[in-house]
Amino acid sequence: MPISFDEQKQIFKLDTDRTTYLIGIGPGGLLGHIYYGPKLNHACGMDMLRADEYPYPPSVTPRDKISFVDYYLFEFPTGGVGDFRPTCLEVRNARGQRGCELVYDSYAIESGKPRLEGLPCSFPGEDDAVQTLYLNLKDEVLGLTVTLLYSAFPRENIITRSVMLANTGMENGGETLHIGRVLSACLDVDQDGQNGYELITLPGAWGRERHVQRSAVRRGRQSVFSLRGESSHQYQPFAALVRHDTNEEQGEAIGLSFVYSGNFLAETEWSQMDQIRLVMGIHPDGFDWELRPGESFDAPEVVLSYSAEGTGQMTRQFHDFFRGHMIRSPYLHRDRPILINNWEATYFDFNTERLLTLAREAKSAGIEMLVMDDGWFGDRKDDFRSLGDWFVNEEKLPGGLSYLVEEVNRIGLKFGIWFEPEMVSPDSEIFRAHPDWALQLCGRKPSCGRMQLVLDITRQEVRDCIMDQLLSILHSANIEYVKWDMNRSLTDVGNLVLPSDRQGELLHRYVLALYEMQERLVTEFPELLLENCSSGGARFDAGELYYSPQIWTSDDTDAIERLRIQEGTAMVFPLSSMGAHVSICPNEQVGRSTPFKTRGDVAMSGTFGYELDIAKLTAEERTQIPGQVADYHRFHGIVADGDYYRLSSWSDSDPFDCWMSVRKDRSEALLTFVQVLGRPNFRSRIIKLRGLDPEARYAVERDGAAEGERSGEELLCCGLRFPNRGDFTSTQVYLKRI
Ligand code: DGJ
């Protein structure tokens, strides 16, 4: 079984097929981190915790407790009693004093995995090998029980962690505690010698989301974080520790991904003893949770992917895990309908006739679904008004939604619709009736972003009002897809109902409310295809994958910019989750012109679609659409369910970009090569392929043209040639085992 406890050594051992994680009950019940690495047949000893070296543990001598605590490799460090590195837990008691010290109490090992209250979290699925370890720790002074949860997913080589806090203090009725900081995971490792650790993160901005950044871990603290109320464009709740010599195929990589859509912190400290600590969880700034006697609090989950075979394997483990244990949608393994979205085609300037024209053109090109984006409701002629008024604008859509959807269906397309449920325009009926429904600080006018305010969805009546409108729209017509958008960060985070000492709960309550709304949506419409979106890709996180199998990756649809964005996103998330569309050129965001084929080839590595006015395409471009549609259906299974390999990276200074997906049984593969800039006086590129069966023979097809047969061995060891001609050109190679 994956999880075991060695009574004699006092060590918990969590095994996956290729990894082992060891936790020891150290001196005085201090829970220590012993090991996370390649699979061990036998656990190493407790001596790895170095408790027999000076300074000795407080259970041996109280002399240097603070030094001991400050050097110890903790599983779940707490603040206030001597650990000066980033900690996971900070608790304030009724006297306003901070300090917490956790001592091991008991454990349980169970099959399967529990749910976390109100939070997205991974599930065992049909995998009956998944087990969970519950470690109960106590602070008797506070009357606090902390349960650390570790689940081992053997096949995917994933460990998940989360934390449950319970105020169990009953003496004198117990005391109310305030949780000022609760992070979900900590990893302490030694920064040993020349092959020490580097950090991979995915920083970005609007239109430049999730660019891969790799930098040395430095002494002191480094962090990525969000304080914007959403996971954000600027940083992704992901961090990986890798060795200096780790590359795609070799070396250690430990990736952590946080299953949460709000404020987060991922922080390292290279400390005085040449140890690196990495912690991840809800950002403590602005967080303050009241925990009364008898109450409990669940902290969100962190997913850990350890690979000794480079960052490529770390990524593939994440992909398998998210596909198998996080995405619940029935669309997970289905071909997604190829959609055309009218946003870049019309912006707010559309009506039924214009949409039907778009639908007819789309149908004749082979497209399968029309998505009506922003602008169909209230008085929404621009982005200055009407968010919150989720009733159909009959001036734009005479005959209402039912007429439009019936016509679109009659043309032969499915129909999808856009909402932005968390927002309100000051110029809206709903805001005029309920000005107190926006997040706001007393005495201050709340700040607008894109001329909109944030609804206080932490209030039940607010989310009910919005959800009732949304659900009634969905019941009114045959709507098969929803794009759930969110176009500004949270500011003015105050609410008019919570007492003063609970305002610090608001940001987390907001995220819980969002999850509750999305849960209601997918429960009432289990067959709905939901795509999350946040001003492009500001809420592309594992939490949202629990509700939607795909997320809009970025408003930047330029094929060349997408190389970086999609590479960074795919470092953690499966290609089947990345919304990717072909749009018009010159590109709306960067003004660049790229061939229609390149736009199609790049978008085909995500959930494929179009975001343009077909009438504005050249005849030559338009004729390519049916072929792209057919290729998407031909290749989607490989891309969506296969193993993904990064072969070369433009963002990593190669002049070209290349990646491939290989079916799990290695019978088929799809490779995409993008020549970003041609180079004069340079010969062809040779790229070695990955993931294929060396014993097999493959038929090679390049951009639809047969190119003979090659052995798997030849493709892996010698590679394929790609000509160095032109800018922004692309080649697709399809391989099929014969
Ligand atoms: C931001 C999204 O990313 C876009 O795709 C579009 O839906 C607009 N919002 C609409 O306001």
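Residues numbered from 1 in each chain as written. Predicted model: local features only at pLDDT ≥ 70, side-chain atom pairs only at ≥ 80, totals over all residues. Heavy atoms only, no water.

### A short note on the overall build of the protein chain
Here's step 1: Broken down by element type, the protein chain carries 14 helices and 37 strands.
Here's step 2: Taken over C-alpha atoms, the radius of gyration comes to 27 Å for the protein chain, in line with the 27 Å a tight globule of 738 residues would show.
Here's step 3: If you line up the protein chain on its principal axes, its C-alpha atoms span 85 × 70 × 45 Å.
Here's step 4: When each of the 738 residues of the protein chain is scored for burial, the buried share is 63%.
Here's step 5: In the protein chain, the proportion of contacts linking residues at least 24 apart, taken out of those at least 6 apart, comes to 70%. (Helix = DSSP H or I, 4+ residues; strand = E, 2+ residues; numbered from the N terminus. Rg over C-alpha atoms; globule rule 2.2 N^0.38 Å. Buried < 20%, exposed > 50% of the residue type's maximum accessible area, 1.4 Å probe, protein only. Contact = heavy atoms within 4.5 Å.)

### Looking at the site of the ligand
Here's step 1: What surrounds the ligand is a group of 13 residues, the closest being Asp373, Asp374, Lys483, Asp485 and Asp555.
Here's step 2: Contacts to the ligand include Asp374, whose side-chain N or O atom sits 2.7 Å from an oxygen atom.
Here's step 3: Contacts to the ligand include Trp418, whose side-chain N or O atom sits 3.1 Å from an oxygen atom.
Here's step 4: Calculation on the ligand without its partners gives an accessible area of 290 Å², and the protein chains cover 97% of this total.
Here's step 5: For the shell around the ligand, the class distribution of residues is four nonpolar, three polar and six charged. (Near = heavy atom within 4 Å. Polar contact = N/O pair within 3.5 Å; in protein donor to acceptor, adjacent residues only side chain to side chain. Areas by Shrake-Rupley, 256 points an atom, 1.4 Å probe, with all protein chains shown as cover. Nonpolar A, V, L, I, M, F, W, Y, C, P; charged D, E, K, R; others polar.)

### Considering the pattern of salt bridges
Here's step 1: Counted under the stated rule, the structure contains 61 salt bridges.
Here's step 2: For the salt bridge of Arg243 with Glu252, the shortest nitrogen-to-oxygen distance reads 2.8 Å.
Here's step 3: Classification of Glu252 as buried rests on a relative accessible area of 16%.
Here's step 4: Where Arg459 meets Glu461, a salt bridge forms, and the shortest distance between an N and an O atom there is 3.0 Å.
Here's step 5: The network of salt bridges with shared partners includes Glu290, Arg292, Arg502, Glu505 and Arg509. (Salt bridge = Lys/Arg side-chain N within 4 Å of Asp/Glu carboxyl O.)

### Thoughts on helix H10 (residues 559-570)
Here's step 1: Its twelve residues place the ends of H10 15 Å apart at the C-alpha level, agreeing with the 16 Å of an ideal helix rising 1.5 Å per residue.
Here's step 2: Buried residues dominate H10, accounting for eleven of its twelve residues.
Here's step 3: All of the buried residues along H10 are Ala559, Ile560, Glu561, Arg562, Leu563, Ile565, Gln566, Glu567, Gly568, Thr569 and Ala570. (Expected span 1.5 Å × (residues − 1).)

### Quick notes on the domain arrangement of the protein chain
Here's step 1: We note that the domain assignment places domain 1 (3-325), domain 2 (339-640) and domain 3 (646-737) within the protein chain.
Here's step 2: Computed from C-alpha atoms alone, the centre-to-centre distance between domain 1 and domain 3 is 39 Å. (Domains from an automatic or database assignment.)

### Details of the side chain of Glu301
Here's step 1: Checked against the element boundaries, Glu301 lands in strand E19 (residues 296-307).
Here's step 2: For Glu301, the contacting residues outside a window of four places in its chain are Lys113, Leu116, Cys121, Ser122, Thr160, Arg161, Ser162, Ser257, Phe258, Val259 and Met326.

### A closer look at the packing of helix H4 (residues 352-365) against helix H5 (residues 400-411)
Packed helices, taken two at a time, are described by the angle their axes make and the gap between the axes.
Here's step 1: Remark: H4 packs on H5, axes separated minimally by 9 Å, with the N-to-C direction vectors making an angle of 15°. Judged on the interaxial angle alone, H5 and H4 are roughly parallel. Crossing hand, H4 versus H5: right-handed. Residues Thr352, Leu355, Leu356, Ala359, Arg360 and Lys363 of H4 form the contact with H5, whose participating residues are Tyr403, Leu404, Glu407, Val408 and Ile411. (Axes fitted to C-alpha atoms, helices over the stretch in contact; angles between N-to-C directions. Parallel < 35°, antiparallel > 145°, perpendicular 65-115°, else oblique. Left-handed = near helix turned anticlockwise from the far one by under 90°.)

### Focus on the nonpolar core
Here's step 1: Among the nonpolar cores identified, the biggest contains 192 residues, and Leu89, Trp376, Leu401, Ile417 and Tyr610 are the most heavily contacted of them.
Here's step 2: In this structure Tyr610 touches Ile338, Leu339, Ile340, Asn341, Ile367, His581, Val582, Phe596, Ile625, Gln628 and Val629, once residues within four positions along its chain are discounted. (Core = buried A, V, L, I, M, F, W, Y, C linked by side-chain atoms within 4.5 Å.)

### Regarding the state of the cysteines
Here's step 1: Per the stated rule, a full pass over the model turns up zero disulfides.
Here's step 2: Not part of a disulfide, Cys186 finds its nearest cysteine sulfur in Cys88, a span of 4.9 Å.
Here's step 3: Residue Cys186 is classed as buried on the basis of its relative accessible area of 1%.
Here's step 4: The thiol of Cys465 is not disulfide-bonded; the next cysteine sulfur, from Cys448, is found 19 Å away.
Here's step 5: On the basis of relative accessible area, Cys465 is assigned to the partly exposed category, the value being 24%. (Disulfide = S-S within 2.5 Å.)

### Section: the packing of H10 against helix H11 (residues 596-603)
Here's step 1: Contact geometry for H10 and H11: axes closest at 9 Å, N-to-C directions at 15°. Classified by the angle between their axes, H10 and H11 sit roughly parallel to one another. In the crossing of H10 with H11, the sense of the turn from one axis to the other is left-handed. Along its contact with H10, which presents Ala559, Arg562, Leu563 and Gln566, the element H11 presents Thr598, Arg599 and Val602.
Here's step 2: Taken together, the residues of the contact of H10 with H11 break down into three nonpolar, two polar and two charged.

### Observations concerning the sheet that holds strand E2 (residues 11-15)
Here's step 1: Pairing within the open sheet is antiparallel, and its four strands lie in the order E1-E2-E3-E4. Each edge of the open sheet is held by one strand with a lone partner, namely strand E1 (3-6) and strand E4 (31-38). In this sheet, neighbouring strand axes are inclined to one another by 15° on average, regardless of whether the strands run parallel or antiparallel.
Here's step 2: Here strand E3 (residues 19-25) pairs with E4 via seven bridges, running antiparallel. In the strand pairing of E4, Tyr21 is matched with Tyr36. (Pairing = 2+ DSSP bridges.)

### Let's talk about a nonpolar patch on the surface
Here's step 1: Among the surface-exposed residues, Tyr54, Tyr56 and Val60 lie close enough to one another that they form a single nonpolar patch of about 340 Å² accessible area.
Here's step 2: Looking at the secondary structure, you find Tyr56 in the loop between E4 and helix H1 (65-71).
Here's step 3: By relative accessible area, which is 36% here, Tyr56 ends up partly exposed. (Patch = residues over 30% accessible without salt bridge, like charges linked within 9 Å, V, L, I, M, F, W, Y side chains within 5 Å.)

### What to know about the packing of aromatic side chains
Here's step 1: The full count for this structure, using the stated rule, is 38 aromatic pairs.
Here's step 2: Summarising the aromatic geometry, the rings of Phe225 and Tyr235 are spaced 5.3 Å apart at their centres and angled 35° between planes, so their arrangement reads as tilted. One end of the pair, Phe225, is in strand E13 (residues 220-226); the other, Tyr235, is in the loop between E13 and strand E14 (238-243), with ten residues separating them in the sequence.
Here's step 3: Judged by its relative accessible area of 27%, Tyr235 is partly exposed.
Here's step 4: Three or more aromatic residues joined by ring pairs form one cluster here, namely Phe153, Phe238, Phe318, Phe321, Phe322, Phe540 and Phe573.
Here's step 5: Residue placement shows Lys396 over the ring face of Phe350; its charged tip is 4.7 Å from the ring centre.
Here's step 6: Across the ring face of Tyr734, the terminal group of Arg634 is positioned such that the distance to the ring centre comes to 4.7 Å. (Phe/Tyr/Trp six-rings, centres within 6.5 Å; stacked < 30°, edge-to-face > 60°. Lys NZ or Arg CZ within 6 Å of the ring centre and 35° of its normal.)

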